There are 2 protein chains.
Amino acid sequence: MQMHNKKIGRQTVKLENPPKIIAAHSIVGPKEGEGPLSGYFDEILNDDTLGKDSFEKAESQMMFTAITETLKKAKLKETDIDYLFSGDLLNQIISSSFAAREFSIPFFGLYGACSTMSESLSLASIIMDGGFAKYVIATTSSHFSSAERQFRFPLDYGSQRAQTAQWTVTGSGAVILGHEGNYPEVTYVTTGKVKDFGQKDANNMGAAMAPAAVDTIVNHFKDTGRKPSDYDVIATGDLGIIGRELADKLIQEFGYDIRKQHIDCGEIIFDKEKQKTEAGGSGCGCSAVVFTGYLYKKLMKKEIKKLLLVSTGALMSTTSSLQGETIPGIAHAVAIEMM
Amino acid sequence: MQMHNKKIGRQTVKLENPPKIIAAHSIVGPKEGEGPLSGYFDEILNDDTLGKDSFEKAESQMMFTAITETLKKAKLKETDIDYLFSGDLLNQIISSSFAAREFSIPFFGLYGACSTMSESLSLASIIMDGGFAKYVIATTSSHFSSAERQFRFPLDYGSQRAQTAQWTVTGSGAVILGHEGNYPEVTYVTTGKVKDFGQKDANNMGAAMAPAAVDTIVNHFKDTGRKPSDYDVIATGDLGIIGRELADKLIQEFGYDIRKQHIDCGEIIFDKEKQKTEAGGSGCGCSAVVFTGYLYKKLMKKEIKKLLLVSTGALMSTTSSLQGETIPGIAHAVAIEMM
């Protein structure tokens, strides 16, 4: 059987029935709420525990809230939603699983580290485009305190932070995809490969993720025939300042200059000087809240018409790092356009 | 825009261009190789370290081997494969990420605990049916020693095992989906919801997963109009003996009797008496190797013509258990038929 193939090039599919992002919600912690994007977030928490007795429960509660609020905005019930795609940074993605058990929605759990916003959006868009669903939710979250406890040092140690270190964003973003209305559309999905260039420093994840971001962006251009100037904004997930500069340099070796279009969610979410966040923000929640808070609103106002969202993930664990393994990276790109 | 919707009922899609499972490979550890299904596995390891210096690296190497061998069987190169769907039990799914970095294949990382074989097969089947891919690989793995170290006690403690405890299977299974040839086809995908009935005992995961399995199987019957006797075999993932008995009982409350068709991969992979495996096998690798080893060969020989594979996952982490959380479960069902 010869089937019509929607794949163009090696890594990209062109969506023929582009799903629309009909609702988005962003919820962030107090520190993110004091940053440069303060005015764009839908909800800023005063208390990053949300009244829960653990940071893990607080993170899961943020995701629950983000999902609930998108449902309200879209005037939909949970039973209208065909699938929920979600993942997070915590071991066994407990933020997602514990949020998902509150909803009666078929659930696909994902792990893409900080690439999860564009991973969930990719799969949600594909399943919509294929005619398998009317409405799908894509979401992710991260929490500074649950991530620091898991990946680095107990907060109480007061360890000094490296200059290349990034600050895990406390936040969750959720979107609902549908087929109707005048909303930003997902037009292309470019799925990343795992890339590893031998970086071992868990305090410099930007350097580990930059080659993956470049690989995915370059392949997006090759597969689609597009070029940097076809986009108003190319937003990488959380390379941070160092990773963003590295990506801008690396991609020139492939003949592309993205410096005019390129912003990095990790770089713009904090004020480096005032907020002491070193290389910038990170975590699944970083590109999730910058997208659902800042970029989505710009798309809705047509201040941005063509966006390439490229969330980036560092695929290590504490075990792999202790065993001397290098840090593989991945990046997934999703083209989002407002007509 | 009114799109044709392939969703039937709340949780199921009917695949209109059913993808075929054109190759499968199973690789297991020495203990699994001594069990009742010994004759069905493609590869039995003498040394469950595979010569690596950690069990985590050994697990990743098993998955690498399973992928490589399916490619050989299908006479395909890695560049023929459009997507790789994979996940595992380890924190941040390092077995999958480290296996995936060896291949130049667009990668979607998943986390569904022990439901991962049917989760990866579900998404792979949907993406094939939607015309987004020509060939897709779905795979997962688990390793007794990496899982015990992460979830329970250091092996050296020699802790006594509870009677309800299950034995994590050392193994990996991989399949390649394609559109051509006379192979078993994936006809329906029923996606599970996260169910939590308040079970807290991490040594009795069968009881935590049984309600999720029952919920998914019941919804599969409701959505498709099928009944237990439409299947030759209904194979749950790794409920084990106790969970399997519980599921058989629970499902009768919904008016279905599946005892004639029901086998559990965790129950049949070990000989309880001889192998001292208490309630049976578990782990992502359990349903993966029972499916790719035993059930796939039975399908190819038409000794089984209609199979419902229902891998089941317990979605807890050590952190959530220590915080007193209950254990949510999930199960995904995939109908596989040999014409």
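Just so you know, these numbers come straight off a predicted model, no measurement behind them. (Residues numbered from 1 in each chain as written. Chains lettered and ligands numbered in written order. Predicted model: local features only at pLDDT ≥ 70, side-chain atom pairs only at ≥ 80, totals over all residues. Heavy atoms only, no water.)

Caption draft 1: Quick look at the overall build of chain A. Broken down by element type, chain A carries 11 helices and 15 strands. A globule of 339 residues ought to have a C-alpha radius of gyration of about 20 Å, and chain A, at 18 Å, matches this closely. With respect to the three principal axes, the spread of C-alpha positions in chain A is 60 × 50 × 40 Å. Scored against the burial criterion, the 339 residues of chain A give a buried share of 67%. Across chain A, every contact between residues at least 6 apart in sequence was considered, and the portion connecting residues at least 24 apart equals 77%. Carbon and sulfur atoms make up 49% of the accessible area of chain A, which totals about 11,100 Å². One way to put it: in chain A the 36 positive side-chain charges average out to a point 5 Å from where the 41 negative ones average out. (Helix = DSSP H or I, 4+ residues; strand = E, 2+ residues; numbered from the N terminus. Rg over C-alpha atoms; globule rule 2.2 N^0.38 Å. Buried < 20%, exposed > 50% of the residue type's maximum accessible area, 1.4 Å probe, protein only. Contact = heavy atoms within 4.5 Å. Areas by Shrake-Rupley, 256 points an atom, 1.4 Å probe, with all protein chains shown as cover. Lys, Arg positive; Asp, Glu negative; His and termini not counted. Charge placed at Lys NZ, Arg CZ, Asp CG, Glu CD.)

Caption draft 2: Looking closely at the environment of Gly 206 of chain B. All names here are of chain B. Positionally, Gly 206 belongs in helix 6 (residues 205-224). Separated by 40 residues in sequence, Gly 206 and Gln 166 place their C-alpha atoms 8.3 Å apart. The contact partners of Gly 206, leaving out residues within four places of it in the chain, are Gln 166, Leu 239 and Gly 243.

Caption draft 3: The arrangement of the relation of the copies chain B and chain A in detail. Expressed as a screw transformation, the operator carrying chain B onto chain A has a rotation angle of 180° and an axial translation of 0.0 Å, and the superposed copies differ by an RMSD of 0.0 Å. Seen this way, the second copy is the image of the first under a two-fold rotation axis. For chain B, the minimum C-alpha distance to the rotation axis belongs to Leu 110 of chain B and amounts to 2.0 Å. When you check the interface residues of chain B against chain A, 100% turn up at the interface there too, and the contact is symmetric in its surfaces. (Least-squares fit on C-alpha atoms with pLDDT ≥ 70 in both.)

Caption draft 4: A look at the interface of chain B and chain A. On the chain A side, the residues contacting the 71 residues of chain B number 71 residues. Where chain B abuts chain A, roughly 6,000 Å² becomes buried across the two surfaces, and 57% of that area is made up of carbon and sulfur atoms. Linking chain B with chain A are six salt bridges. Where Arg 101 of chain A meets Asp 196 of chain B, a salt bridge forms, and the shortest distance between an N and an O atom there is 2.5 Å. (Buried area = accessible area lost by both parts, 1.4 Å probe. Salt bridge = Lys/Arg side-chain N within 4 Å of Asp/Glu carboxyl O.)

Caption draft 5: How the structure looks around the packing of aromatic side chains. By the definition in use, this model includes 16 aromatic pairs over all chains. Judged by centre distance (6.5 Å) and plane angle (45°), the ring pair of Tyr 83 of chain B and Phe 85 of chain B falls under tilted. Accessibility assignment for this pair places Tyr 83 of chain B and Phe 85 of chain B in one class, buried. Residue classification places Tyr 83 of chain B among the buried positions, given a relative accessible area of 0%. Lying across the ring of Tyr 83 of chain B, Lys 7 of chain A places its NZ or CZ 4.5 Å from the centre. One cation-aromatic arrangement involves Lys 31 of chain A over Trp 167 of chain A; the distance from NZ or CZ to the ring centre is 4.1 Å. (Phe/Tyr/Trp six-rings, centres within 6.5 Å; stacked < 30°, edge-to-face > 60°. Lys NZ or Arg CZ within 6 Å of the ring centre and 35° of its normal.)

Caption draft 6: Molecular detail of the pairing of strand 14 (residues 306-314) of chain B. Residues and elements named next belong to chain B. The element strand 14 is extensively covered by neighbouring structure, given that eight of its nine residues are classed as buried. As paired elements, strand 11 (residues 233-236) and strand 14 share four bridges and run parallel to each other. Looking across to strand 14, one finds that Val 233 is bridged to Leu 307. (Pairing = 2+ DSSP bridges.)

Caption draft 7: Looking closely at the pattern of salt bridges. Using the criterion set out here, one finds 42 salt bridges over all chains in the structure. The partner of Arg 149 of chain B in a salt bridge is Glu 56 of chain B, with the nearest N and O atoms 2.6 Å apart. With a gap of 93 residues between them, Arg 149 of chain B in helix 5 (residues 144-151) and Glu 56 of chain B in helix 2 (residues 55-73) connect regions that are remote in the sequence. Among the ionic contacts, a cluster of salt bridges with common partners joins Arg 101 and Glu 102 of chain A together with Asp 196 and Glu 325 of chain B.

Caption draft 8: Structural detail: the packing of helix 6 of chain B against helix 7 (residues 240-250) of chain B. Residue and element names in this part refer to chain B. Across the interface, helix 6 lies against helix 7 with an axial gap of 8 Å and an inter-helix angle of 35°. The handedness of the crossing between helix 6 and helix 7 comes out as right-handed. For the pair helix 6 and helix 7, contact is made by Gly 206, Ala 207, Ala 210, Pro 211 and Val 214 and by Gly 243, Leu 246, Ala 247 and Leu 250, respectively. Residues of the contact of helix 6 with helix 7, tallied by class, amount to seven nonpolar, two polar and no charged. (Axes fitted to C-alpha atoms, helices over the stretch in contact; angles between N-to-C directions. Left-handed = near helix turned anticlockwise from the far one by under 90°. Nonpolar A, V, L, I, M, F, W, Y, C, P; charged D, E, K, R; others polar.)

Caption draft 9: Representation of helix 5 of chain B within the structure. Residues and elements named next belong to chain B. Within helix 5, seven of the eight residues are buried, which leaves the element mostly enclosed by the surrounding structure. Every buried residue belonging to helix 5 is among Phe 144, Ser 145, Ser 146, Ala 147, Glu 148, Gln 150 and Phe 151, and all of these are buried. Residues of helix 5 that are buried sit in contact with helix 2, strand 7 (136-142), strand 8 (167-168) and helix 11 (318-322).

Caption draft 10: Region of interest: the pairing of strand 5 (residues 83-88) of chain B. All names here are of chain B. Across the six residues of strand 5, six count as buried, placing the element largely inside the fold. Side chains Tyr 83, Phe 85 and Gly 87 of strand 5 all project onto a buried face; the interleaved residues Leu 84, Ser 86 and Asp 88 project onto the opposite face, where all are buried too. Pairing geometry for strand 5 and strand 7, over six bridges, is parallel. Along strand 7, the bridge assignment pairs Leu 84 with Ile 137. Where strand 5 and strand 6 (residues 107-110) come together, four bridges link them in parallel fashion. Paired with Phe 85 across the strands is Phe 108, a residue of strand 6.

Caption draft 11: The nonpolar core, seen in detail. Phe 291 of chain A together with Phe 291 of chain B are the most contacted members of the largest nonpolar core, which totals 98 residues. The residues contacting Phe 291 of chain A, other than those within four sequence positions of it, are Ile 21, Leu 121, Val 175, Tyr 296, Leu 299, Leu 307, Leu 309 and Ile 336 of chain A. In this structure, Leu 76 of chain A together with Ala 100, Tyr 111 and Cys 284 of chain B belong to the second largest nonpolar core, which totals 54 residues. (Core = buried A, V, L, I, M, F, W, Y, C linked by side-chain atoms within 4.5 Å.)

Caption draft 12: Representation of the packing of helix 2 (residues 55-73) of chain A against helix 5 (residues 144-151) of chain A in the model. Residues and elements named next belong to chain A. Two elements in contact, helix 2 and helix 5, have axes whose closest approach is 8 Å; the angle formed by their N-to-C orientations is 135°. As judged from the angle between their axes, helix 2 and helix 5 are oblique. Helix 2 and helix 5 meet at a crossing whose hand is left-handed. Counted together, Phe 55, Glu 56 and Glu 59 of helix 2 and Ser 145, Ser 146 and Arg 149 of helix 5 form the full contact between these two elements. In terms of residue class, the contact of helix 2 with helix 5 is built from one nonpolar, two polar and three charged. (Parallel < 35°, antiparallel > 145°, perpendicular 65-115°, else oblique.)

Caption draft 13: Expanded view of unusual backbone geometry. All names here are of chain B. Located in the positive-phi region is Gln 92, a residue other than glycine, with phi close to 60°. We classify Gln 92 as buried; its relative accessible area is 3%. Positive phi is not limited to glycine here, since Ala 113 has a value of about 50°. Here Ala 113 is to be found in the loop between strand 6 and helix 4 (116-129). The buried category is assigned to Ala 113, whose relative accessible area is 1%.

Caption draft 14: Representation of the state of the cysteines in the model. Summed over the entire model, instances satisfying the criterion amount to zero disulfides over all chains. In this model Cys 265 of chain A remains outside any disulfide bridge; the closest cysteine sulfur is found in Cys 286 of chain A, 5.6 Å from its own. Cys 114 of chain B takes part in no disulfide bond, and the closest cysteine sulfur, belonging to Cys 284 of chain B, lies 5.0 Å away. (Disulfide = S-S within 2.5 Å.)

Caption draft 15: Layout of helix 10 (residues 284-300) of chain B. Residues and elements named next belong to chain B. An ideal rise of 1.5 Å per residue puts 24 Å on 17 residues; helix 10 measures up with 23 Å between its terminal C-alpha atoms. Considering bend angle alone, the principal kink of helix 10 is centred on Phe 291 and spans about 40°. With 15 of 17 residues buried, helix 10 is to be regarded as a mostly interior element. Directly after helix 10, the chain includes Lys 302, whose backbone phi takes a positive value near 60°. (Expected span 1.5 Å × (residues − 1). Bend = angle between axes of the 7 residues up to and from the residue.)

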